[in-house]
Amino acid sequence: MHRRVQNALLAFTAFVTLALGSAVSAFSENAGPIRVAAAATETATDTAPTRRVVIRFLTDSDFPPFNFYDEDGVLVGFNVDLARAICLELGTSCDIKARPWEVLFAGLKKGEADAVIAAHKVTGAALKDVDFTDRYFHTPGRFAGRKEQPQVEMTPSGLDGKRIAVARGTAHEAFLKAFFRDSPLAIYENADLAREALAAGKADFIFDDGISLAFWLNGTLSRQCCEMRGGPFLEPKFFGDGIAIAVPKTDPGIRLLLNKALERVRASGRFEELVQRYFPVRIY
């Protein structure tokens, strides 16, 4: 499973302080995320949460800006700081350990942690293994175009006849084929080649993952050629149903506890501060 944001760490170093734009809905009110994991549903087994002395989180360490080691070898990132904010809201100690992505759920089921916060995408598959909290992040599809390209509406009619670069075999390609049928597609083997085609003027626009596209636009590889156009596309059929914290099926109390903490982190404004710290301009 591909789970890297291409060139994210390079761009992140230079642009972590840029502000997040206002969220705009398109085609759906839900947003799509980054990785594949499971679909969470409310259960009748939720119980009143009990106070915890410590909450043990597992994450991985090679998915910037969500979780990664900085130049000093310290585990940092959006997920890491969010876990700490959750613990602060709950008045508990926070134990965060990094493990390889492939063994995170196994560690959770073995009782090595209370929760996994590693940017797992909520789908329908992994409920066989884990439950999930409320969604805390979404990854939209976004258009970008060259800065000198005339402004047009990012709609099927507005892009009629416009050449759109996209990576082969992705949800973004499927979305364009479903909704932008009058736009000729320039299909490339991967997102890097599609972005380079846009930079070289071989395509009018690109349609890509919003987060990785934002880092590319603000990094050196784009040569500052291009900019986001239009708003986010959030259709869950194509882009998933959000990112959430994974919790054991055997501990419904931790799920309820984390949901309440997430709500408080949002209400306090801390969540927005973290988004602004770790993500480039106008992901949404």
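Everything numeric here is computed off the predicted structure, so don't read it as measured data.

Participant: Hey, could you go over the overall build of the protein for me, with residue numbers and the actual values?
Facilitator: From N to C terminus, the protein includes nine helices and 13 strands. Looking at the 284 residues of the protein, the share that counts as buried comes to 53%. The long-range fraction of contacts in the protein, counting pairs at least 24 apart against all pairs at least 6 apart in sequence, stands at 79%. Entry remark: accessible area of the protein is about 12500 Å², with carbon and sulfur atoms responsible for 52%.

Participant: Which residues make up the pairing of strand β11 (residues 205-209), and what values do they have?
Facilitator: Here β11 lies mainly inside the structure; five of its five residues are buried. Here strand β9 (residues 164-167) runs beside β11; their pairing, made up of two bridges, is parallel. Among the inter-strand pairings, A165 is bridged to a residue of β11, identified as I206.

Participant: Could you give an account of the nonpolar core, naming the residues involved and the relevant values?
Facilitator: Among soluble globular proteins, nonpolar side chains are generally buried collectively. Counting 54 residues, the largest nonpolar core has F57, F78, L82, I86, Y136, F137 and F279 as the members making the most contacts within it. Among the elements that make up this core, the one with the highest residue count is helix α2 (residues 78-90) (eight residues). Aside from chain neighbours lying at most four places away, what touches F57 is A83, I86, C87, C94, D95, I96, K97, A113, A115, I117, I245 and L258. Among the nonpolar cores identified, the runner-up in size contains 14 residues, and L58, V116, A118 and V122 belong to it.

Participant: I'd love a proper account of the state of the cysteines, names of residues and values included.
Facilitator: Disulfide: a covalent bond connecting the sulfur atoms of a pair of cysteines. The full count for this structure, using the stated rule, is two disulfides. Across the disulfide from C87 sits C94; the S-S distance is 2.4 Å. Taking the sign of the S-S torsion, 60° for the link of C87 and C94, the bridge is right-handed. A relative accessible area of 2% means that C87 is categorised as buried. Look at the protein and number its bonded cysteines as they come in the sequence; the links are 1-2, 3-4.

Participant: Give a description of the packing of helix α5 (residues 191-199) against helix α6 (residues 210-217) that names residues and reports values.
Facilitator: Between α5 and α6, the shortest axis-to-axis distance is 12 Å and the interhelical angle comes to 45°. One way to sum up the angle between α5 and α6 is to call them oblique. Two packed elements cross with a definite hand, and for α5 against α6 that hand is right-handed. Taken together, the residues of α6 that come into contact with α5 (itself represented by R195, L198 and A199) are S212, L213 and W216. Within the contact of α5 with α6, the residues separate by chemical class into four nonpolar, one polar and one charged.

Participant: Provide a residue-level description of the environment of K162, including the pertinent values.
Facilitator: Note that K162 resides in the loop between β8 (141-146) and β9. Of the residues examined, K162 reaches a relative accessible area of 26% and is grouped as partly exposed.

Participant: Any chance you could break down the packing of aromatic side chains for me, citing the residues and the numbers?
Facilitator: Inspection of every chain in the model, using the stated rule, returns 25 aromatic pairs. A centroid spacing of 5.3 Å and a plane angle of 65° characterise the contact between F66 and F279, whose relative ring orientation is edge-to-face. You can see F66 sitting in the loop between β2 (62-63) and β3 (67-69) and its partner F279 sitting in the segment after α9 (270-278), a full 213 residues away along the chain. On the numbers, 5.2 Å between centres and 85° between planes, the contact of F175 with F238 is edge-to-face. On the criterion of sequence distance, the pair formed by F175 in helix α4 (residues 171-179) and F238 in helix α7 (residues 236-239) is long-range, its members being 63 residues apart. On the accessibility criterion, F175 (0% relative accessible area) is buried. The class for F238 is buried, based on a relative accessible area of 16%.

Participant: Mind laying out the side chain of R229, listing which residues take part and the relevant values?
Facilitator: With respect to the helices and strands, the residue R229 is situated in strand β12 (residues 226-233). A polar contact is formed between the side chain of R229 and the backbone oxygen of P150, at a distance of 3.3 Å.

Participant: Can you explain the pairing of strand β10 (residues 185-188)? Please cite residues and give values.
Facilitator: Burial along β10 is one-sided: the face carrying A186 and Y188 is buried and the face carrying L185 and I187 is not. The pairing of β9 with β10 spans four bridges and is parallel. Bridge assignment links A167 to a residue of β10, and that residue is Y188. A crossover links β9 with its parallel partner β10, the connecting element being α4, and its sense is right-handed.

Participant: Quick one: what's the story with the sheet that holds strand β13 (residues 243-248), residue by residue and with numbers?
Facilitator: Here we have five strands laid out as an open sheet, ordered β5-β1-β6-β13-β7, and mixed in their pairing. Edge positions in the open sheet fall to β5 (93-98) and β7 (130-132), since each of these has one partner strand only. Mean inter-strand twist for the sheet, computed between neighbouring axes without regard to direction, equals 35°. One ladder, built from six bridges, connects strand β1 (residues 54-59) with β5; its direction is parallel. Across the sheet, L58 pairs through a bridge with K97, a residue of β5. On top of the sheet, α2 reaches β1, β5, β6 (115-121) and β13; it is set at about 160° to β5, its chief contact. Helix α8 (residues 252-268) rests against β1, β6, β7 and β13 of the sheet, and its axis sits at about 150° to β13.

Cut-off values and rules
- Each chain carries its own residue numbering, running from 1 in the written order of its sequence.
- Two thresholds apply to this predicted model, a pLDDT of at least 70 for residue-level local features and 80 or more for giving and counting side-chain atom pairs, whereas whole-chain, interface and lining totals are computed over all residues.
- As a convention, hydrogens and water are excluded, and side-chain values are obtained from all of the structure's heavy atoms.
- A run of H or I in DSSP becomes a helix once it reaches four residues, and a run of E becomes a strand once it reaches two; helices and strands are each numbered from the N terminus.
- Exposure classes here rest on a 1.4 Å probe applied to the protein chains alone. A residue is buried below 20% of its type maximum, exposed above 50%, and partly exposed in between.
- The criterion used for residue contact is that any of the two residues' heavy atoms lie within 4.5 Å.
- Accessible surface is estimated by sampling points in the Shrake-Rupley manner with a 1.4 Å probe; for residues, cover comes only from the protein chains shown.
- A pair of strands is labelled paired if DSSP reports no fewer than 2 bridges between them.
- Throughout, nonpolar core names a set of buried Ala, Val, Leu, Ile, Met, Phe, Trp, Tyr and Cys residues whose side chains join them through atoms within 4.5 Å.
- We call a pair of cysteine sulfur atoms a disulfide whenever their separation is within 2.5 Å.
- Axis lines are fitted through C-alpha atoms, for helices just across the contact stretch, and the angle between N-to-C directions can take any value from 0 to 180 degrees.
- Orientation categories follow fixed angle ranges, with anything under 35 degrees roughly parallel, anything over 145 roughly antiparallel, 65 to 115 roughly perpendicular, and all other angles oblique.
- Each crossing gets its handedness from the near helix: less than a right angle anticlockwise from the far helix is left-handed, clockwise is right-handed.
- Ten residue types, Ala, Val, Leu, Ile, Met, Phe, Trp, Tyr, Cys and Pro, are classed as nonpolar, four, Asp, Glu, Lys and Arg, as charged, and the remainder, Gly among them, as polar.
- By convention, a stacked pair of Phe, Tyr or Trp rings (six-membered ring in the case of Trp) has centres within 6.5 Å and planes under 30 degrees apart, an edge-to-face pair has planes over 60 apart, and any other such pair is tilted.
- Side-chain atoms alone can form a polar contact between residues adjacent in sequence; in general such a contact is a pair of N or O atoms within 3.5 Å, and within protein one must be able to donate a hydrogen while the other accepts it.
- Seen with its strands pointing away from the viewer, a crossover is right-handed if its path from the first strand over the helix to the second goes clockwise.

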